[in-house]
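# Descriptive structure summary
Spelled out from the first residue to the last, the chains are:
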Amino acid sequence: MTTKTVLISGAGVAGPTLAYWLARNGFAPTIVERATGQRSSGNPIDVRGPAFDIAGKMGLLPRLRAAATATTGLAFVDAQGRRKSRVDLSVNRATEVEVPRADLATLISDAAADSAEFIYGDSVSALSQDGGGVDVTFEGGAPRRFDLVIGTDGQHSTVRSLAWGPERNFVSHRGLYVATLPVERELNPTTDVLLYGMPGRLASVHPVRGDGGIAAFIWRSRPVPGYDYRDTAQHKRIVERAYAGGGWIVPDLIERVRDAGDLYFDAVSQVRLDTWSQGRIGLLGDAASSVSLFGEGSSLAMAGAYTLARMLAEHRDDLGQGLKAYEYEHRKLIAPRQNGFVTAATLMVPATRIGVVLRDNGARLLTGWQRLTAGRGRKGR
Ligand SMILES: Cc1cc2nc3c(=O)[nH]c(=O)nc-3n(C[C@H](O)[C@H](O)[C@H](O)COP(=O)(O)OP(=O)(O)OC[C@H]3O[C@@H](n4cnc5c(N)ncnc54)[C@H](O)[C@@H]3O)c2cc1C
């Protein structure tokens, strides 16, 4: 039996997880990544639920724990930096781990490195399939043929554009923008994420292990006319305008945005498609079903990769059927997450002043409840 070849476009979270599990199921995966290497920073993201178990099966947990942020809670502060309320996050740390996204992607890529071919600094530029395989043209490298092509190239997927059509047909802006950048640890020397909320705007500084931190801005806005997700100078102007007049350390953060060499910026969007496969071309992760930053997209990407590898192995002689079987299974996890977006956004970035007060009081109540239940747990032991 000949080994089936799979081209995976994108070495983020989904792509290398898929490569790892495909190789262990007897496939020959190749990953092409547009960037020349992993980016230096990344948003802290939680690996939890099925993804935590999958990371365990991949032997990643000790390295993930070593790379984990030291976050112990969320603390909401006022314009003077005084704490108003706090939510304890240390309770679930046995079954989840928070790591910067770039560290997660690097660790998974390292785990897959011995069993997959990695091509950095290139991209698919054309796809043409027939009954026996997919002919792939690259921007840089020579054309090649694969048994299967999977797009794991994120929210702005090239594979999706080539096979399904323009992004505007599938990607919907959810009324928020997000920007993140690495900052010095001094801006938040605590182990809590510090959050400052104004109506429709949230600014935060996340502690990261070592001497760094991640500042994040999430704010409500209609689609910005002429928005270009690749235009960093435009992004800096948009953040500056959105946070003008902000209290706390917002003016300091804006100064850092102006000088930032590593600013992440995007519209908070969801991706919805009627089908995640077309013959021998499939989609996984944010490319197929971005749930936005509130929906645990990384954990879902890892869970989807595991399911896809399993289904392809079960349908080795009919890979198109394997893609359909994966979609049937994995949509069960995605649908509730996409539908939960409005609640999460309302809680994290309330649109009104009263909403901010309610959110902070809610956080206080939650903390009180946590203390109470923790006390009960201790007494019962
Ligand atoms: C601020 C923020 C906070 C978040 N918090 C969380 C959280 O707490 N928990 C959580 O689970 N998720 C969180 N997410 C979501 C999470 O980051 C994504 O859902 C997850 O990274 C999706 O993984 P992916 O592999 O599908 O795509 P990505 O991780 O986006 O990877 C896509 C890869 O494809 C590459 N690529 C793009 N175009 C091409 C091309 N043409 N050719 C080759 N390669 C290409 C990119 O360079 C990138 O490496 C957050 C997101 C943001 C923005």
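Quick caveat: nothing in here was measured; it's all calculated off a predicted structure.

### Looking at the site of the ligand
By nearness alone, 30 residues border the ligand, and Ala 14, Glu 33, Thr 158, Asp 286 and Ser 298 come closest of all. A distance of 2.8 Å separates an oxygen atom of the ligand from a polar backbone atom of Ala 14. Measuring from an oxygen atom of the ligand, one finds a backbone N or O atom of Ser 298 at 2.9 Å. Here the ligand, which alone exposes 1,000 Å², has 85% of that area covered by the protein. Elements with a contribution of two residues or more to the shell around the ligand: β2 (28-33), β3 (44-48), β12 (171-184) and α9 (297-314). Residue classes in the shell around the ligand are distributed as nine nonpolar, 13 polar and eight charged.

### As for the pattern of salt bridges
Applying the stated criterion to the full structure yields 15 salt bridges. Where Arg 331 meets Glu 327, a salt bridge forms, and the shortest distance between an N and an O atom there is 2.9 Å. Taken together, the residues Arg 331 and Glu 327, both in helix α10 (residues 319-339) and four residues apart, mark about one turn of the helix. Its relative accessible area of 10% is what places Glu 327 among the buried residues. Shared partners join several salt bridges into a network, and the residues in it are Asp 46, Arg 48, Glu 96, Glu 296 and Arg 337.

### Section: the confidence of the model for the chain
The predicted structure's coordinates, where accompanied by low pLDDT, should not be read in detail. Looking at the chain as a whole, the pLDDT averages 89, with 87% of positions reaching at least 70. Taken together, the stretch residues 373-381 has pLDDT below 50 and engages in zero contacts with residues farther than four places along the chain or on a different chain.

### Considering unusual backbone geometry
Trans peptide bonds make up most of the peptide bonds, and negative phi angles are found at most residues other than glycine. Backbone geometry places Trp 248, a non-glycine residue, at a positive phi of 55°. A relative accessible area of 14% means that Trp 248 is categorised as buried.

### Notes on the sheet that holds strand β10 (residues 144-146)
Sheet strands pair by backbone hydrogen bonding; their relative direction is either parallel or antiparallel. If you trace the three strands from one edge of the open sheet to the other, you get β8-β9-β10, paired in antiparallel fashion. Each of the sheet's edge strands pairs with one partner strand only, and the pair in question is β8 (124-130) and β10. Within the sheet, the average angular offset between the axes of one strand and its neighbour, ignoring direction, is 25°. Pairing of β8 with strand β9 (residues 133-138) involves six bridges; the strand directions are antiparallel. Paired with Val 124 across the bridge in β9 is Phe 138.

### Describing the packing of helix α1 (residues 14-24) against helix α4 (residues 101-112)
The interhelical angle for the contact between α1 and α4, taken along N-to-C directions, is 20°, at an axis separation of 8 Å. Between α1 and α4, the angle falls in the class roughly parallel. Both α1 and α4 take part in a crossing whose hand is left-handed. Packed against α1, whose contacting residues are Pro 16, Thr 17, Ala 19, Tyr 20 and Arg 24, the element α4 presents Ile 108, Ser 109, Ala 111 and Ala 112 at the interface. Residue composition of the contact of α1 with α4, by class: six nonpolar, two polar and one charged.

### Some thoughts on the pairing of β12
Inspection of the sheet shows β12 paired to strand β16 (residues 264-271) by eight bridges, in the antiparallel sense. When the bridges of β16 are listed, Thr 180 appears paired with Tyr 264.

### Re the environment of Arg 83
You can see Arg 83 is positioned in strand β5 (residues 83-88). Using a relative accessible area of 44% as the deciding quantity, one classes Arg 83 as partly exposed. In this structure the C-alpha to C-alpha distance between Arg 83 and Leu 195, which are 112 residues apart in sequence, comes to 9.3 Å. Beyond its immediate sequence surroundings of up to four residues, Arg 83 is in contact with Ala 75, Phe 76, Val 77, Thr 190, Asp 192 and Leu 194. A polar side-chain atom of Arg 83 sits 2.8 Å from a polar atom in the side chain of Asp 192.

Conventions we followed
- Residues numbered from 1 in each chain as written.
- Predicted model: local features only at pLDDT ≥ 70, side-chain atom pairs only at ≥ 80, totals over all residues.
- Heavy atoms only, no water.
- Near = heavy atom within 4 Å.
- Polar contact = N/O pair within 3.5 Å; in protein donor to acceptor, adjacent residues only side chain to side chain.
- Areas by Shrake-Rupley, 256 points an atom, 1.4 Å probe, with all protein chains shown as cover.
- Helix = DSSP H or I, 4+ residues; strand = E, 2+ residues; numbered from the N terminus.
- Nonpolar A, V, L, I, M, F, W, Y, C, P; charged D, E, K, R; others polar.
- Salt bridge = Lys/Arg side-chain N within 4 Å of Asp/Glu carboxyl O.
- Buried < 20%, exposed > 50% of the residue type's maximum accessible area, 1.4 Å probe, protein only.
- pLDDT = per-residue confidence, 0-100.
- Contact = heavy atoms within 4.5 Å.
- Pairing = 2+ DSSP bridges.
- Axes fitted to C-alpha atoms, helices over the stretch in contact; angles between N-to-C directions.
- Parallel < 35°, antiparallel > 145°, perpendicular 65-115°, else oblique.
- Left-handed = near helix turned anticlockwise from the far one by under 90°.

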